Amino acid sequence: MYGNDHSSDAPLNAAEAGGVDEAMAHVDRRDSVDSGDEQERFDALLAADQRIEPRDWMPDDYRKTLVRQIAQHAHSEIIGMQPEGNWITRAPSLRRKAILMAKSQDEAGHGLYLYSAAETLGTSRGEMLDLLHAGKQKYSSIFNYPTLTWADVGAIGWLVDGAAIMNQVPLCRCSYGPYARAMIRVCKEESFHQRQGFEILWNLARGTDAQREMAQDAANRWWWPSLMMFGPPDTGEAAQGTHTELSMAWGIKRFSNDDLRQKFVDMTVPQAQKLGLDLPDDDLAWDDERGHWNFGEIDWDEFWQVVKGDGPCNAQRLEHRRTAHSEGAWVREAANAYAAKQSQRAESAA
Amino acid sequence: MNAGEWPLWEVFVRGKRGLNHTHAGSLHAPDATMALRNARDVYTRRGEGVSIWVVPASSITASSPDERDSFFDPAADKVYRHPTFYDVPEDVEYL
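Thresholds applied
- Positions within a chain are numbered from 1, following the residues in the order the chain's sequence is written.
- Whichever chain is written first becomes A and whichever ligand is written first becomes 1, with later ones labelled in order.
- Under the rules for a predicted model, residues below a pLDDT of 70 receive no local features and side-chain atom pairs below 80 are neither given nor counted, while totals for whole chains, interfaces and linings still include all residues.
- Excluding hydrogens and water, the side-chain figures rest on all heavy atoms present in the structure.
- Strands are runs of DSSP state E lasting at least 2 residues, helices are runs of H or I lasting at least 4, and numbering of each runs from the N terminus.
- Residue exposure (1.4 Å probe, protein chains only): buried if accessible area is under 20% of the type maximum, exposed if over 50%, otherwise partly exposed.
- When checking whether two residues touch, look at their non-hydrogen atoms; a contact exists if any pair is within 4.5 Å.
- In short, Shrake-Rupley with a 1.4 Å probe defines the accessible areas, and a residue's cover is counted only from the protein chains shown.
- Counted as positive: Lys and Arg. Counted as negative: Asp and Glu, with His and the chain ends omitted from the count.
- Note on charges: their place is set at NZ of Lys, CZ of Arg, CG of Asp or CD of Glu.
- Polar contacts here mean pairs of N or O atoms no more than 3.5 Å apart (in protein, one a potential hydrogen donor and the other a potential acceptor; neighbouring residues in sequence count only if both atoms are side-chain atoms).
- DSSP-based pairing: two strands are paired if at least 2 bridges between them are found.
- Note on geometry: axes are lines fitted to C-alpha atoms, helical ones only across the stretch in contact, with angles between N-to-C directions running from 0 to 180 degrees.
- Stacked, tilted and edge-to-face are the three classes assigned to paired rings of Phe, Tyr and Trp, where Trp is represented by its six-membered ring and a pair needs centres within 6.5 Å; plane angles under 30 degrees give stacked, over 60 edge-to-face, the rest tilted.
- For this scheme, ten residues count as nonpolar: Ala, Val, Leu, Ile, Met, Phe, Trp, Tyr, Cys and Pro. Four count as charged, namely Asp, Glu, Lys and Arg, and the remainder, Gly too, count as polar.

**Student:** Would you explain the overall build of chain B in this entry?
**Tutor:** Broken down by element type, chain B carries two helices and three strands. Across its three principal axes, chain B shows a C-alpha extent of roughly 65 × 35 × 15 Å. When burial is assessed residue by residue, chain B has 28% of its 95 residues classed as buried. A fraction of 40% describes how many contacts in chain B between residues 6 or more apart in sequence connect residues 24 or more apart. Carbon and sulfur atoms form 52% of the exposed surface of chain B, whose accessible area is close to 6,500 Å². Distance between charge centroids for chain B: 14 Å, based on 10 positive and 14 negative side chains.

Here's what the structure looks like:
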C-alpha cells in the first residue's frame, strides 16, 4: 500500500554505482536511441516512452526525485504493516488471521522490492532506514490513523488499498525501469488485498446491527484520509509550484493527483452503494454533465497537520519502527555470526 | 576446473529497455570483460539484447532439485494469497 501525499524533503546522497561501466556502455550503445549528448539522449528516451535503466546517464534531479519517491514508497509499505498488525492476534477467526498475516507478509515483501529498486540509484537500504528513523524521510500519512475496530481492517483493504492500487497501476509504466518492474510485481500481488477488505465489510454490512454500525463507523473514519492519499490538489491554479509538472515530464507520474482522486471516487461510490454503506460526504452527487461523481471539500489543514507530524499515531508509528529495528539487531548479528562460522568451517575443510 | 580451463560465466540478457535481464545461457571466458564481449557475440548476434550481465557461475547458489517439494511447500496451502479466494458479489466493478 502506498499514498502519494509525501512532502518533499532534503535531497539524498545518490552516488553513481561503479563496476564494469566501460564494457557495459559498449553493449548499451546498441540501442534504438542514439545521441552524443547525454541530456539529449535521456530526453529522447523519455520522448520515445522508453525506460531509463540504472546504468543510463540521468539528470541529478531525476535521480533524487526517484530516490525520494521510491524510499518513501518503501517506508510506507513497512510502516503500513503496523495498523493491520495491530489486529493479527485479535482477528475474529483463524481464516482471517491467516489472511492478515499473508497480507502483512506481502507488505514486507513490497518494501523489500522497493528498497532494492532504490538501491539501483546509488543509495543503500541502511541509509534509507536511518533517514526514516531520523524522521528525515516520510511515509504515507494514512498510516498515522489508528485501527480502532476489526472493521478498520476491512476499510483499509477496501479504501486504502483501493486508493493505493489506483496510484500504483500507472507506476507500472514509470520511466525508471527497476521501479516500474517492482510495481508490476506489487500490483499483481496486491490484487487480493482490496478484495479481502471488501469481503470483511460485505460480511459485516450484512451481519447484526452492531456489525453494520461498526462497518459504517470504519467507512466514516477512513473515507476522507483515503482521498487525501492522492496528495494535495495539483491541477488548474494549484499546479503552480508542485512537483507534478516535472514528475510528469519525466514520466515518473502519469496522472495528476486530482485525476487519480476522481477516478477513485468514481470507482468507490458504486462499491459503497453495493455494501449499503454511506460515505460521509453530503456533497457526494453524480454530475451528469461531467460524467463523474462530485465530492466535497477535503480538509487540507488536517492533511498538512498529519504530514507535519501531528496525526493521531505519528509518534507511535515511528517509535515502534525504531524499536522493531533495534530489537531486531540480535537477529542480524546472529545471521552474520552464523555466516562467518560457516565460511570458517568451509575454509578449514578445504 | 582443470588447470588452464577458463571459468564458466552465466549470461543474462535484457531484451529491451524496461524488461528484466533474463538468463540466456553460459560460456567460458578468462575474465569478466572478455566474457561480456563473448556473450555479445554468442547470445546477441541478431539484436536480441540491449544490455548484458555476466556472472561467474561459481557465484550462483541454486536451490536443490531434491528439496524441491519441501522447499516450496509453504506456498502450496495458502490459497488466500490469491484474489479468487474471496467471496464478493460478482457485479461489483473494479474489485
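**Student:** Explain the side chain of A:S175 here, please?
**Tutor:** All names here are of chain A. Position of S175 among the secondary structure elements: in the loop between α7 (150-171) and α8 (177-205). Take S175: its relative accessible area is 2%, and that puts it in the buried class. At 2.7 Å, the side chain of S175 and the backbone oxygen of W250 are in polar contact. Not counting residues up to four positions away in its chain, the partners in contact with S175 are L46, Q50, R51, I52, Y62, W250, G251, I252 and R254.

**Student:** Got a minute to help me understand the pairing of strand β1 (residues 8-14) of chain B in this structure?
**Tutor:** The two faces of the sheet receive side chains in turn, since in a regular strand these alternate between them. Residue and element names in this part refer to chain B. Within β1, six of the seven residues are buried, which leaves it mostly tucked inside the rest of the structure. Across seven bridges, the pairing between β1 and strand β2 (residues 21-28) is antiparallel. Bridge pairing in β2 places V11 opposite G25. In this antiparallel pair of consecutive strands, β1 and β2, the connection spans six residues, and G18 shows a positive phi of 95°. Here six bridges tie β1 to strand β3 (residues 51-56), and the two strands are oriented antiparallel to one another. Looking across to β3, one finds that V11 is bridged to V54.

**Student:** Is there a simple way to explain the sheet that holds β3(B) in this structure?
**Tutor:** Residue and element names in this part refer to chain B. Spatial ordering of the open sheet is given by β2-β1-β3, a layout of three strands whose pairing is antiparallel. On the outer flanks of this sheet lie β2 and β3, each paired with one strand and no other. Direction aside, neighbouring strands of the sheet carry axes that sit 25° apart on average. Seen against the sheet, helix α1 (residues 32-43) touches β1, β2 and β3 and runs at an angle of roughly 110° to β2.

**Student:** I tried to follow the packing of aromatic side chains on my own but got confused; where do I start?
**Tutor:** Pairs of aromatic rings are described using the distance from one ring centre to the other and the angle between the two planes. Residue and element names in this part refer to chain A. Across all of its chains, the model carries 16 aromatic pairs over all chains by this definition. Taking 6.3 Å as the distance between ring centres and 65° as the angle between the ring planes, the aromatic pair formed by W87 and W150 counts as edge-to-face. Highlighted residues: W87 in the loop between α4 (81-85) and α5 (94-119) and W150 in helix α7, separated in sequence by 63 residues. Measuring from ring centre to ring centre gives 6.3 Å for F198 and W202, while their planes differ by 20°; the resulting arrangement is stacked. Linking F198 with W202, this pair stays in helix α8, spanning four residues, or about one helical turn. On the basis of relative accessible area, F198 is assigned to the buried category, the value being 0%.

**Student:** Sorry if this is basic, but what is going on with the packing of helix α9 (residues 209-228) of chain A against helix α11 (residues 257-275) of chain A here?
**Tutor:** Relative placement of two packed helices is described by the angle separating their axes and the distance separating the axes. All names here are of chain A. Contact geometry of α9 with α11 gives a least axis separation of 9 Å together with a crossing angle of 150°. Along the contact surface, α9 presents W223, S226, L227 and M228, while α11 presents R261, F264, V265 and T268. Across the contact of α9 with α11, the residue classes break down as five nonpolar, two polar and one charged.

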